[in-house]
Every structure is written in structure tokens, then in C-alpha cells.
Number of protein chains: 2
Amino acid sequence: MAKKSSGATSGKGKDKGSGEEPATFTQALRAGEGFDLAALSPRATPGFDGDKADGEKAMEGLGDRLSELQERLYAESRGGGSRSVLLVIQGMDTSGKGGIMRHVVGSFDPQGVAITAFKAPSDEEKKHPFLWRIRNALPGPGDIGVFDRSHYEDVLIVRVHDLVPQSQWSRRYTQINDFEAKVVESGTTVVKVMLHISSDEQKARLAERLDRPDKHWKYNPGDLDERARWADYQEAYQVAIEKCSTDVAPWFVVPADRKWYARLAVTNLVLEHLEALDPQWPEADFDVEAEQRRLSLMP
Amino acid sequence: MAKKSSGATSGKGKDKGSGEEPATFTQALRAGEGFDLAALSPRATPGFDGDKADGEKAMEGLGDRLSELQERLYAESRGGGSRSVLLVIQGMDTSGKGGIMRHVVGSFDPQGVAITAFKAPSDEEKKHPFLWRIRNALPGPGDIGVFDRSHYEDVLIVRVHDLVPQSQWSRRYTQINDFEAKVVESGTTVVKVMLHISSDEQKARLAERLDRPDKHWKYNPGDLDERARWADYQEAYQVAIEKCSTDVAPWFVVPADRKWYARLAVTNLVLEHLEALDPQWPEADFDVEAEQRRLSLMP
């Protein structure tokens, strides 16, 4: 699957948006005013004018820049900086969250990364407000925190299954916006990504999990019960994105039927946000020449 | 620095130990009976008969095998398995611990990895026995835990500076052995690595940190005070390795003046231990055909 050409023929015009093409993934993928999830093709490649081979080539060039920017962010924090990045990944089952963790987050320096996978809340977590466990997992200074699912489950699965009364979940959109505004205010850049796949693509990916014994462990019969609520989930995503794509913490919706595109897009989203932060190497807080002399006198 | 050829000319004879060369890194690097740290050259390349270019080529072949074995270990735990791996990295300042984290640990799937960097203990940690914070950081089932420094600091820096009375630190070797035996008993494979550099190489690496503004943040004037205790640290390492290289949790001493070799060696150590574990994909705990039918009937 995902083998058909994107139809683009003009090659690897990644950086300079040619014609009406937006110049950055950040611009191309941001869910703005009047966003309509149903109108976005899961096979589209916004912000990128090329096919799979072009995409893989474009990925190669990103590692070194990402690596230096991440190290600068980390170094900045060692010099007293408090900035950090939080990457939130949401998406239906099989939308490729695990692949993003493995291939995109896996390309970052693991010393400055903390992944938190949010499952159904534990008994302990249920005793607290829904944002409690989220707050506890926010990235420290200089780090890139990554959420594999997030507080958005509290307005997605919780809404679809009415796990709490509507009067309760309906207030959460505002609570989330207030919470995220404070997180941003404290120095954390929040990058929220929805991996957007089609129902057909999910069917194919679930079939593959069932066909391959080395994928059985990823499958759970409950996955089909959730699949049966496809339309409800799409609606819940639409509402969450509509209500919570704010100026300070917008949503980015990444078409994800093509895995190579989703990985390229998320990598670039992180890269562009790091570039905007423009972290700097901290000044030495010691006398460099004095230390050089001390060292030179040692055996 | 570290540019001189290893003197080896026979090429990439990595897999089949030619002649008296040991067949695995595990065998070549294990600190056994009568181990003498001072007698091991930090520029040696035990278990590998080749130069830097050969080493980099050999690394390329390891990623896929590592990746599959790690995923199997993780999958096994989802099927109820309790096995895990703990990689302990120790070494003098500038010995390359950060590079191992970045380049070796960074090549693993981050979803199954947890790095813990042990700094000087916090006030809270000081209230507990020295192994308390270590126990709290042990890997969960299916994970690869990585310690950047470890409980060995409690018989290294603590011994060199007498941070606790000798009567106390001298008992810790036995306490460590007892602790590690229990960790192994519970299903965790412990791989303890000392990165062994020469004093000259440390001097060159510290000089580089002082010469380059983008490395100043890694430097601390206290590093030279520690360097002045070089011989004491070497002795403390010798004793720790002698006393704590046990059958169930041996030490591996990796010559580390050549960064490419150290990374190749640690990668292979982890790989060989995963191969020995031979983790298996778990059996499906559902009726595969029934699920395939259910899926095929869905829109």
C-alpha cells in the first residue's frame, strides 16, 4: 500500500515553495480558522512537492541540523535557560504513532528526549484531575518531551464512550487551552500533531497485523470495537482541533496514509520550531584562558 | 587525535576470529580472574581486527539485527515476559559516555529505552541507602535500561574523596554484588561497561572543550581537580572491577581512546547479550482467523 505516486513530477522542490505552495510545513499543516478534517485527504503531501524517493532523500539532509539545534537547546539549559519543546502525537490506531517514535524521535539525541506513552489512566491517576499526570510528564529545561497520546484522549475516547458525563468532558476544551497557555508561557514550545489516516488505510494496516505473526502482539480485538466508532472519533478529533488549535499552541494535521510523508512532515515541524527558538551556546562561566593554562601545566 | 592507524592490516575479519582472536566482544572484553587495568592499552581494539573505516563499515550491519532483537524483547514483555537488559556505562570524564548515549543508545528504538544519568545524590536521595535510587531506575519488562554513571560512583568518587567513612564504602562491594545478583535473578541481563581512556587522551579532549566555544558548556573547572586524582581513580576502578566482576554480572572494559572502537564494542556487547537472550514473538492470545473474518466484514 501507499505505493502510488503522489502525482508530483517537479522533483525535490522542498525548500522553496514553488508558486502557491507554502514555504514551510508549519504553515502548510496548521489547522486554522474553519479547518475541516473531512476535507483533508489522508494521502495529500502538503508543503512537499515530491514522491517517496524525494521524501527519503529530503530526510537525509535534516539529521545534522536537528542534531545541532537539539544540542544547542540542551546546552542553553545548562547555562540557565528554561526553554523546552513538547511534541504531542495523536492519531487513530495504526496511524503510525509508533513509527514516529521510532524513526523521528529515534533520530534525536536520547539524552535530551523523554517519551511518555499515556495509556488508560491507572487507579492512582484517576484520583487526580485529568491534567495531573500530564503536568508531571512535561519536559524539563532543554529537553524535548514527546507524548504518545496525551490529555486529548480525555476529549477523544472519553467523549466517544462517555467515560465521564458530558457536563464534565465538555468543560475540558477550555481547561486544556488554559493549561497549554501556561505551559507555553513557562517556556515550552508545544507542537501538537494529529496523524490523519483513512479508514481504508487502517483496514489494510490491521489486516497486515493479523497476517503477520511478528505483528500479532500489536493487535488487540478491542481495536475493531474502536474501529466501529470511526465516525464518532473523526467528529471528536474535528471538535478538539477546532476548539484547541490556539494561537499559542496550534494543531498540525499531518496526512498519514503515506508513512514516508508523515515522518518527513513531523521531522520538519520539530526542526522548524527549533529553528524559530534559535537556541544559543551559553557563554563560559569560567576563565577560559586560566583553565587552558592550568590544564597545560598538568602531566 | 585518535587518527593513527591501529596497525591492523588484515581488513574486516570481524565475525570469524582469525587465529587466537576471540570470537566475540563479550569474550574479548570481559574482566576475568587477575584482570589488570594498567596492563590494558586504551588504544587497543580487542575482538576487532581492522581500522576505523572497517569499524564504521561493521557498525552499519548491526542496526537491523539490534532493532529486530530489541523489538522482540519488547514484544515478549507484552506477552507476559519479564526479561530486560541493563547497560551500565562508567568511565572518567571525557571517556565518551555521552557519545555512547548519543550514537549507540540513540540507535535503539526510544520506546523501549530509558536512560538515567546519575549525578551527585540529591538531599532526598542522601536520606536513603545508596542503592535506593538505583533500584528505582531499573528497567521494566522488555526495556533496555541505560545508566550513565551508576551505583559504582559510590565506590569510585566516594572512595577517592572519602565522602563516607572507609568502614562504610568498603562494605559496598559486597552489597553491590548481592544487589546485582538479585537483579539478574529477577530477569535482567546486566552489562557493565567501563570506558577506559588514557590520561593523555583526556588531556587532549579537555583541551578541545576549552578551545571550542560550542564545547564550553561541557566543561567545569572541577574537572581538572578530578584529573589531578587520576591515579586514585584508576586504583578505585581496578578494585571495583576486581571485586565486582562476578559470574552473573561481569565487567567489560572497553579501550576508549578510539571513539569508533568504543562505539562498535558497546553496540556488539549489547547485541551479543540480546542474541543470547533470544527473545521470541509472543503467541497471539486471540483467535486470529476469527479476527480476520470480523475485519473483512467491516466497511
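Calculation notes
- Residues numbered from 1 in each chain as written.
- Chains lettered and ligands numbered in written order.
- Predicted model: local features only at pLDDT ≥ 70, side-chain atom pairs only at ≥ 80, totals over all residues.
- Heavy atoms only, no water.
- Helix = DSSP H or I, 4+ residues; strand = E, 2+ residues; numbered from the N terminus.
- Rg over C-alpha atoms; globule rule 2.2 N^0.38 Å.
- Buried < 20%, exposed > 50% of the residue type's maximum accessible area, 1.4 Å probe, protein only.
- Contact = heavy atoms within 4.5 Å.
- Lys, Arg positive; Asp, Glu negative; His and termini not counted.
- Charge placed at Lys NZ, Arg CZ, Asp CG, Glu CD.
- Pairing = 2+ DSSP bridges.
- Axes fitted to C-alpha atoms, helices over the stretch in contact; angles between N-to-C directions.
- UniProt positions renumbered as here; feature names shortened; annotations may be inferred.
- Buried area = accessible area lost by both parts, 1.4 Å probe.
- Salt bridge = Lys/Arg side-chain N within 4 Å of Asp/Glu carboxyl O.
- Polar contact = N/O pair within 3.5 Å; in protein donor to acceptor, adjacent residues only side chain to side chain.
- pLDDT = per-residue confidence, 0-100.
- Phe/Tyr/Trp six-rings, centres within 6.5 Å; stacked < 30°, edge-to-face > 60°.
- Least-squares fit on C-alpha atoms with pLDDT ≥ 70 in both.
- Parallel < 35°, antiparallel > 145°, perpendicular 65-115°, else oblique.
- Left-handed = near helix turned anticlockwise from the far one by under 90°.
- Nonpolar A, V, L, I, M, F, W, Y, C, P; charged D, E, K, R; others polar.

K.L.:
How should I be thinking about the overall build of chain A in this particular structure?
P.N.:
A tally of regular secondary structure across chain A gives 14 helices and 5 strands. Relative to the 2.2 N^0.38 estimate, which gives 19 Å for 299 residues, the radius of gyration of chain A is 21 Å and therefore close to what a compact globule would have. A buried classification covers 52% of the 299 residues belonging to chain A. Put simply, 81% of the contacts in chain A that link residues at least 6 apart link residues at least 24 apart. Averaging the positions of the 40 positive and the 48 negative side-chain charges in chain A gives two centres separated by 4 Å.

K.L.:
Got a minute to help me understand the sheet that holds strand β2 (residues 113-117) of chain A in this structure?
P.N.:
By definition, the strands of a sheet pair up through backbone hydrogen bonds, in either a parallel or an antiparallel sense. All names here are of chain A. As summarised here, the arrangement of the 5 strands in space is β2-β3-β1-β4-β5, forming an open sheet in which the pairing is parallel. The sheet is open, and its two edges are formed by β2 and β5 (251-255), each paired on a single side. Within this sheet the neighbouring strands show an average axis-to-axis angle of 20°, counted without direction. Taken together, the 5 bridges between β2 and strand β3 (residues 144-148) define a ladder with parallel strand orientation. Bridge assignment links A114 to a residue of β3, and that residue is G145. Packing against the sheet, helix α13 (residues 259-277) makes contact with β1 (84-91), β3, β4 (188-196) and β5, and its axis sits at approximately 150° to β5.

K.L.:
Quick question: what am I supposed to make of the UniProt feature "domain: Polyphosphate kinase-2-related" (unreviewed entry) in chain A here?
P.N.:
Feature annotation in UniProt places "domain: Polyphosphate kinase-2-related" (unreviewed entry) on residues 51-278 of chain A, given in this structure's numbering. Segment residues 51-278 of chain A splits into 51% helix and 14% strand. End C-alpha atoms: 30 Å apart.

K.L.:
Got a minute to help me understand unusual backbone geometry in this structure?
P.N.:
Residue and element names in this part refer to chain A. In this structure, T94 is a non-glycine residue whose phi angle is positive, near 70°. Checked against the element boundaries, T94 lands in the loop between β1 and α4 (97-104). According to the relative accessible area criterion, T94 is buried, its value standing at 7%.

K.L.:
Would you mind going over the side chain of Q70 of chain B with me for this structure?
P.N.:
Within the fold, Q70 of chain B resides in helix α3 (residues 62-78). Discounting chain neighbours no more than four positions away, the residues touching Q70 of chain B are F108, D109, G112, V113, I144 and L274 of chain B.

K.L.:
What is the right way to read the interface of chain A and chain B from this model?
P.N.:
Accessible area lost during the coming together of the parts is what is often quoted as the interface size. Across the contact, 44 residues belong to chain A and 44 residues belong to chain B. Roughly 4,000 Å² of surface becomes buried between chain A and chain B when both sides are summed, with 62% attributable to carbon and sulfur atoms. Looking at the side of chain A facing chain B, the largest losses of area belong to R102, W217 and L295 of chain A, adding up to 19% of the total buried there. R294 of chain A is the partner of D225 of chain B in a salt bridge, and the nearest nitrogen-oxygen pair spans 2.6 Å. Run the count over chain A and chain B and you get 18 residue pairs in polar contact (both at pLDDT 80 or more). Counting residues per element, the ones that place at least two in the side of chain A that touches chain B are α3 (63-78), α4, α10 (199-211), α11 (222-227) and α14 (288-297) of chain A.

K.L.:
Explanation requested: the confidence of the model for chain A in the structure shown.
P.N.:
Caution is warranted with low-pLDDT regions, since their predicted coordinates should not be read in detail. Looking at chain A as a whole, the pLDDT averages 92, with 93% of positions reaching at least 70. Predicted confidence is poor over residues 1-19 of chain A, with pLDDT under 50, and the contacts of this stretch with residues over four places away or in other chains come to 32 contacts.

K.L.:
Please clarify how the environment of L277 of chain A should be interpreted in this entry.
P.N.:
All names here are of chain A. Here L277 lies in helix α13. A relative accessible area of 14% means that L277 is categorised as buried. On a C-alpha basis, the gap between L277 and I100 in space is 22 Å, while along the polypeptide they are 177 residues apart. If we ignore the near neighbours within four places in the chain, the residues touching L277 are L73, R83, V85 and T189.

K.L.:
I tried to follow the packing of aromatic side chains on my own but got confused; where do I start?
P.N.:
Given two aromatic rings, their pairing is described by the distance between the two centres and the angle made by the two planes. Residues and elements named next belong to chain A. Tallied over the entire structure, the rule returns 14 aromatic pairs over all chains. Considering the side-chain rings of F48 and W260, the 5.8 Å spacing of their centres and the 70° angle between planes classify their relative orientation as edge-to-face. With F48 in the loop between α1 (25-29) and α2 (52-60) and W260 in helix α13, this pair connects stretches of sequence that are 212 residues apart. Note on F48: relative accessible area 3%, which makes it buried. In this structure W260 comes out as buried when scored by relative accessible area, which is 9%. On the numbers, 4.9 Å between centres and 85° between planes, the contact of F118 with F147 is edge-to-face. Of this pair, F118 sits in the loop between β2 and α5 (123-126) while F147 is found in strand β3, placing the two residues 29 residues apart along the sequence.

K.L.:
What should I look at first to understand the relation of the copies chain A and chain B in this one?
P.N.:
Note that the two copies of the chain are related through a rotation about an axis and a translation along the same axis. Overlay of chain A on chain B (RMSD 0.0 Å): rotation 180°, translation along the axis 0.0 Å. In the structure described here, the two chain copies are related by an operation that fits a two-fold rotation axis. By residue overlap, the copies meet face to face through one surface: 100% of the interface positions of chain A are interface positions in chain B.

K.L.:
Quick question: what am I supposed to make of the sheet that holds strand β5 (residues 251-255) of chain B here?
P.N.:
Residues and elements named next belong to chain B. Reading across from one edge, β2-β3-β1-β4-β5 is the order of the 5 strands in this open sheet, with parallel pairing throughout. The strands lining the two open edges of the sheet, one partner per strand, are β2 (113-117) and β5. Between one strand axis and the next, the sheet turns through 20° on average, direction left out of account. In this structure, strand β4 (residues 188-196) lies alongside β5, joined through 5 bridges in parallel fashion. Of the residues in β5, the one forming a bridge with H196 is P255. Contacts between helix α4 (residues 97-104) and the sheet are confined to β1 (84-91), β2, β3 (144-148) and β4, with β1 contributing the most and set at about 145° to the helix. Packed onto the sheet, helix α13 (residues 259-277) meets β1, β3, β4 and β5 and runs at close to 150° relative to β5.

K.L.:
Where do I start with the pairing of β3 of chain A in this structure?
P.N.:
On a regular strand, each side chain points to the face opposite its neighbour's, so the side chains alternate between the two faces of the sheet. All names here are of chain A. Across the 5 residues that make up β3, a large majority, 5, are buried. Side chains I144, V146 and D148 of β3 all project onto a buried face; the interleaved residues G145 and F147 project onto the opposite face, where all are buried too. Sheet topology places β1 next to β3; 5 bridges connect them, and they run parallel. By the bridge assignment, I89 is partnered in β3 with D148.

K.L.:
Looking at this model, I keep getting lost on the side chain of N177 of chain A. Mind explaining?
P.N.:
Considering the arrangement of structural elements, one finds N177 of chain A in helix α9 (residues 172-185). Once residues within four sequence positions are removed from consideration, N177 of chain A is found in contact with K243, C244 and T246 of chain A.

K.L.:
What am I meant to see in the packing of α4 of chain B against α13 of chain B here?
P.N.:
Between two packed helices, both the angle of their axes relative to each other and the distance between the axes serve to describe the pair. Residues and elements named next belong to chain B. Two numbers describe how α4 lies on α13: the axes approach to 10 Å, and their chain directions differ by 60°. With respect to each other, α4 and α13 are oriented oblique. As α4 packs across α13, the resulting crossing turns out to be right-handed. Here G99, I100, H103 and V104 of α4 come into contact with α13, specifically with A262, R263, V266 and T267. Looking at side-chain class alone, the contact of α4 with α13 contains 4 nonpolar, 3 polar and 1 charged residues.

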